[in-house]
Number of protein chains: 2
Amino acid sequence: MEEYLDAIFCEDCVEGMRRRLPDACIDVIVTSPPYNIGVRYNTHQDNLPFDEYLDWMEELARECRRVLKEDGSFFFNIGDRPSDELRSLQVAQRVCRHFHLQNTIHWVKSIAAPQEGVNMGHYKPVNSPRYLNNAHEYIFHFTKSGAVAVDKLAIGVPYQDKSNIGRWKSATQDLRDRGNTWYIPYETVTGAKPHPAAFPDRLPEMCIRLHGLGQDDPLVVLDPFMGTGTTAAAARRLGCRYVGFEMDPHYVEIARARLG
Amino acid sequence: MEEYLDAIFCEDCVEGMRRRLPDACIDVIVTSPPYNIGVRYNTHQDNLPFDEYLDWMEELARECRRVLKEDGSFFFNIGDRPSDELRSLQVAQRVCRHFHLQNTIHWVKSIAAPQEGVNMGHYKPVNSPRYLNNAHEYIFHFTKSGAVAVDKLAIGVPYQDKSNIGRWKSATQDLRDRGNTWYIPYETVTGAKPHPAAFPDRLPEMCIRLHGLGQDDPLVVLDPFMGTGTTAAAARRLGCRYVGFEMDPHYVEIARARLG
DNA sequence: TCGGCGCTTGAATCGACGT
DNA sequence: AACGTCGATTCAAGCGCCG
């Protein structure tokens, strides 16, 4: 029983979830599906016709809904290419057939405010006279009811106006809501990247902490597109259990080594 | 002839544009239409059924296309309420019936990176256990062709790695592409705000400069929902001509005073 | 044949990182 | 500091297909 805990399965996630996961067993899902923009994965042909991609994402969403607990959170990371910037929103609309979009988080990789002497983050530039560099991706926070309470202060930031500390009964410490704009820089990895599309370690960590770690049993965290195991590693750092699916045996090997 | 230059008309914008503006006379449009989220304007009932609102925005877009030059830019600011975060994207999709979405700019009002000692901007917090504070709005950059060259360095920021200066023929100064995440803080207004939904002065200014000021004749800048004249004031600061429409005579009065 | 459209392929360019 | 490398890059040329 519960053989799926702390396991990574080398198989298709939708099939695997159907076969292995009972209803309502997962607290948090954090994932970044293939963006379907022609990236060459080893095992996955990443250029389906867009309609088929949408159908696939919807099937994934349906299965995620089934395995998620009633007050669970489903964090879905997706970005756009400059030439088609409404694509990720169409995906979100499609997932909304099965979930409520409770929060839209803007992952900001780079931002500058020269007047304030701020110039942070980095990105790979695009060479184009018409497109601005894209320093943004979405993290959609889907829930079943749209009304799941989250732990905003778990990822809080210090007050700017310190006089607010202690002003309300909830303001017991120097922490305020971070808002929905999250600055998370890319980790700089040069040399051969093991996976073309890994997100930073802090991203799943912040998602899990925002959902709330609870006091009782450890959370169970799922990533249907586990890649090299960033989500699972974050889950374990935070004392959670994890489940992962990944088609590519090479990535599975890396993930297992990282966790083992 | 050209009686519309440097004028603000107190009338409905779609009708006014039809009556007064010839084809292809405008270089840049910067506007923030009523969001239709129940803000109480004096003259405008801001809670149409959503379908009718979409129809209205489409009519606006059609008229904007007509008056815009072939290589003109249409900057469309819109934000979301936390409980319906795909709304602005539906509006964008609708406008896409008449325009190409060339860039999606993310207006970030507040962002924090405690590790780097950055904690900037401000917002009106929402008191909710489920919604993060919304510190984000969209600025959609629509064009007729989708291939209008823009002046990215006109709103550039300093290089982080100064060794890149002079490295390529275009890198003649310490300026690089800012990207599509723009930090623009709200101006803090204490006391009664004259307009419930004015954007910061720097917002239209950056849009106009991104489009490019050109070398020859001054640009003509249009704001169909002029409000208290923020866009017109920015246009004039930059040496451009302006045209504005605004239904509310009180706002028109303020705008004219500001420009007169 | 000519020309438009779609897919493929190679060139070019930028900013950050590493040597 | 200078330079080589690399892209969930874009862009335009080139080719085949079809009307």
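Look above for the structure.
Just so it is clear, the model here is predicted, and its values are computed rather than measured. (Residues numbered from 1 in each chain as written. Chains lettered and ligands numbered in written order. Predicted model: local features only at pLDDT ≥ 70, side-chain atom pairs only at ≥ 80, totals over all residues. Heavy atoms only, no water.)

Novice: I would appreciate a short explanation of the packing of aromatic side chains in the present structure.
Specialist: Aromatic ring pairs are reported here in terms of the distance separating the ring centres and the angle at which the planes meet. Residue and element names in this part refer to chain A. Considering all chains together, one arrives at 24 aromatic pairs over all chains under this definition. An aromatic cluster of at least three residues, connected via ring pairs, comprises Phe74, Phe76, Phe99, Tyr138, Phe140 and Phe142. Over the face of the ring belonging to Phe9 we find Arg20, whose NZ or CZ atom lies 4.0 Å from the ring centre. (Phe/Tyr/Trp six-rings, centres within 6.5 Å; stacked < 30°, edge-to-face > 60°. Lys NZ or Arg CZ within 6 Å of the ring centre and 35° of its normal.)

Novice: Would you explain the interface of chain A and chain B in this entry?
Specialist: Note: interface size is frequently given as the accessible area lost on complex formation between the parts. Each partner contributes residues to the interface: chain A has 60 residues there, and chain B has 59 residues. A combined buried area of about 5000 Å² lies between chain A and chain B, and 52% of that area is made up of carbon and sulfur atoms. Contact with chain B buries surface across chain A, with Leu86, Arg130 and Leu132 of chain A losing the most and accounting together for 14% of the total. Counting across the interface, chain A meets chain B through 0 salt bridges. Along the contact surface separating chain A from chain B lie 40 residue pairs in polar contact (both at pLDDT 80 or more). At the level of elements, helix 3 (87–95), strand 4 (100–108), strand 5 (110–113), strand 6 (118–121), strand 7 (136–143), strand 8 (181–183) and helix 4 (202–211) of chain A are the ones that each hand at least two residues to the side of chain A that touches chain B. (Contact = heavy atoms within 4.5 Å. Buried area = accessible area lost by both parts, 1.4 Å probe. Salt bridge = Lys/Arg side-chain N within 4 Å of Asp/Glu carboxyl O. Polar contact = N/O pair within 3.5 Å; in protein donor to acceptor, adjacent residues only side chain to side chain. Helix = DSSP H or I, 4+ residues; strand = E, 2+ residues; numbered from the N terminus.)

Novice: Hey, could you run me through the pairing of strand 2 (residues 26–31) of chain A in this one?
Specialist: Where a strand is regular, its side chains alternate between the two sheet faces. Residues and elements named next belong to chain A. Of all 6 residues in strand 2, 6 are buried; the element is thus mostly enclosed. Examined bridge by bridge, strand 2 and strand 3 (residues 68–79) share 5 bridges and lie parallel to one another. Bridge pairing in strand 3 links Ile26 to Leu68. Pairing of strand 2 with strand 9 (residues 220–223), which is carried by 2 bridges, proceeds in the parallel orientation. Looking at strand 9, one finds that Ile29 is bridged to Leu222. (Buried < 20%, exposed > 50% of the residue type's maximum accessible area, 1.4 Å probe, protein only. Pairing = 2+ DSSP bridges.)

Novice: I'm lost on the state of the cysteines in this one. Help?
Specialist: Throughout this description, disulfide means a covalent bond between two cysteine sulfur atoms. Residues and elements named next belong to chain A. This structure, assessed with the given rule, holds 0 disulfides over all chains. Here Cys13 is not disulfide-linked; the sulfur of Cys64 is the nearest cysteine sulfur, at 7.4 Å. What makes Cys13 buried here is its relative accessible area of 3%. Cysteine Cys207 remains unbridged, with the sulfur of Cys240 as its closest cysteine sulfur at 12 Å. Classification of Cys207 as buried rests on a relative accessible area of 0%. (Disulfide = S-S within 2.5 Å.)

Novice: What am I meant to see in the pattern of salt bridges here?
Specialist: When the charged atoms of two side chains with opposite charge come close together, those side chains can pair. All names here are of chain A. Tallying each qualifying case throughout the model produces 35 salt bridges over all chains. Salt-bridge contacts for Arg94 lead to Asp55; the nearest nitrogen and oxygen are separated by 2.5 Å. One end of the pair, Arg94, is in helix 3; the other, Asp55, is in helix 2 (residues 50–67), and 39 residues separate them in sequence. Asp55 sits in the partly exposed class, given a relative accessible area of 41%. Here the salt bridges share partners, and the residues they tie into one network are Arg18, Asp23, Glu59, Glu63 and Arg66.

Novice: What should I look at first to understand helix 3 of chain A in this one?
Specialist: One turn of an α-helix holds 3.6 residues; hence residues three or four places apart share an orientation. Within helix 3 of chain A, 7 of the 9 residues are buried, which leaves it mostly tucked inside the rest of the structure. Within the sequence span of helix 3 of chain A, burial applies to Arg87, Ser88, Leu89, Val91, Ala92, Arg94 and Val95 of chain A. Residues of helix 3 of chain A that are buried sit in contact with helix 2, strand 3 and strand 7 of chain A together with helix 3 (87–95) of chain B.

Novice: Could you clarify how one ought to interpret the relation of the copies chain A and chain B in this entry?
Specialist: One copy of the chain maps onto the other through a rotation about an axis followed by a shift along the same axis. Rotating chain A by 180 degrees about the axis while translating it 0.0 Å along that axis superimposes it on chain B, leaving an RMSD of 0.1 Å. Here the transformation between the copies is reduced to the relation of a two-fold axis. Of the C-alpha atoms belonging to chain A, the one lying closest to the rotation axis is found on Leu89 of chain A, 3.5 Å away. Most of the interface of chain A is mirrored in chain B: 98% of its interface residues are interface residues there too. (Least-squares fit on C-alpha atoms with pLDDT ≥ 70 in both.)

Novice: Would you mind going over unusual backbone geometry with me for this structure?
Specialist: Residue and element names in this part refer to chain B. Although it is not a glycine, Asp6 adopts a positive phi angle of roughly 55 degrees. Note that Asp6 resides in the segment before strand 1 (7–9). In this structure, Ala24 is a non-glycine residue whose phi angle is positive, near 50 degrees. Inspection of the secondary structure assignment puts Ala24 in the loop between helix 1 (13–20) and strand 2 (26–31). When its relative accessible area of 39% is taken as the criterion, Ala24 is described as partly exposed.

Novice: Looking at this model, I keep getting lost on the sheet that holds strand 8 of chain A. Mind explaining?
Specialist: Strands belonging to one sheet form pairs held by backbone hydrogen bonds; the direction of such a pair is parallel or antiparallel. All names here are of chain A. The sheet built from 8 strands is open, its strands ordered 1-10-9-2-3-7-4-8 with mixed pairing. Of all strands in the sheet, those bounded by a partner on one side alone are strand 1 (7–9) and strand 8. Going from strand to strand, the sheet's axes swing by 20 degrees on average, the running direction of each strand aside. Packed onto the sheet, helix 1 (residues 13–20) meets strand 1, strand 9 and strand 10 (241–245) and runs at close to 130 degrees relative to strand 10. Against the sheet, helix 3 contacts strand 3 and strand 7, and its axis sits at roughly 165 degrees relative to strand 3. (Axes fitted to C-alpha atoms, helices over the stretch in contact; angles between N-to-C directions.)

Novice: Can you help me understand helix 5 (residues 230–237) of chain B in this one?
Specialist: Residue and element names in this part refer to chain B. Here helix 5 lies mainly inside the structure; 6 of its 8 residues are buried. Of the surrounding elements, those touching the buried residues of helix 5 are strand 2, helix 4 (202–211), strand 9 (220–223), strand 10 (241–245) and helix 6 (249–259). Two residues or fewer after helix 5 comes Gly239, characterised by a positive phi angle close to 80 degrees.

Novice: Looking at this structure, how should I read the side chain of Gln102 of chain A?
Specialist: Here Gln102 of chain A lies in strand 4. Exposure remark for Gln102 of chain A: the relative accessible area of 0% places this residue in the buried category. Looking at Gln102 of chain A, its side chain comes within polar contact range of the main-chain nitrogen of Ala147 of chain A, at 3.4 Å. Every residue in contact with Gln102 of chain A, bar those within four places of it in the chain, is listed here: His141, Phe142, Thr143, Gly146, Ala147, Val148 and Val150 of chain A together with Pro82, Glu85, Arg130 and Tyr131 of chain B.

Novice: Which parts of the structure should I look at to understand the environment of Ala92 of chain B?
Specialist: Take Ala92 of chain B: it is sitting in helix 3. Those residues within four positions of Ala92 of chain B in sequence are excluded, and the remaining contacts are Leu86 of chain A together with Phe140 and Phe142 of chain B.

Novice: What is the right way to look at the environment of Arg178 of chain B in this model?
Specialist: The topology assignment puts Arg178 of chain B in the loop between strand 7 (136–143) and strand 8 (181–183). Exposure remark for Arg178 of chain B: the relative accessible area of 6% places this residue in the buried category. In the structure, Arg178 of chain B is positioned 50 residues away from Ser128 of chain B in sequence and 33 Å away in space, judged by C-alpha atoms. With residues up to four places along the chain from it excluded, the contact list for Arg178 of chain B reads Ala112 and Pro114 of chain A together with Ile155, Gly156, Val157 and Met206 of chain B. From its side chain, Arg178 of chain B meets the backbone oxygen of Ile155 of chain B in a polar contact 2.8 Å long.

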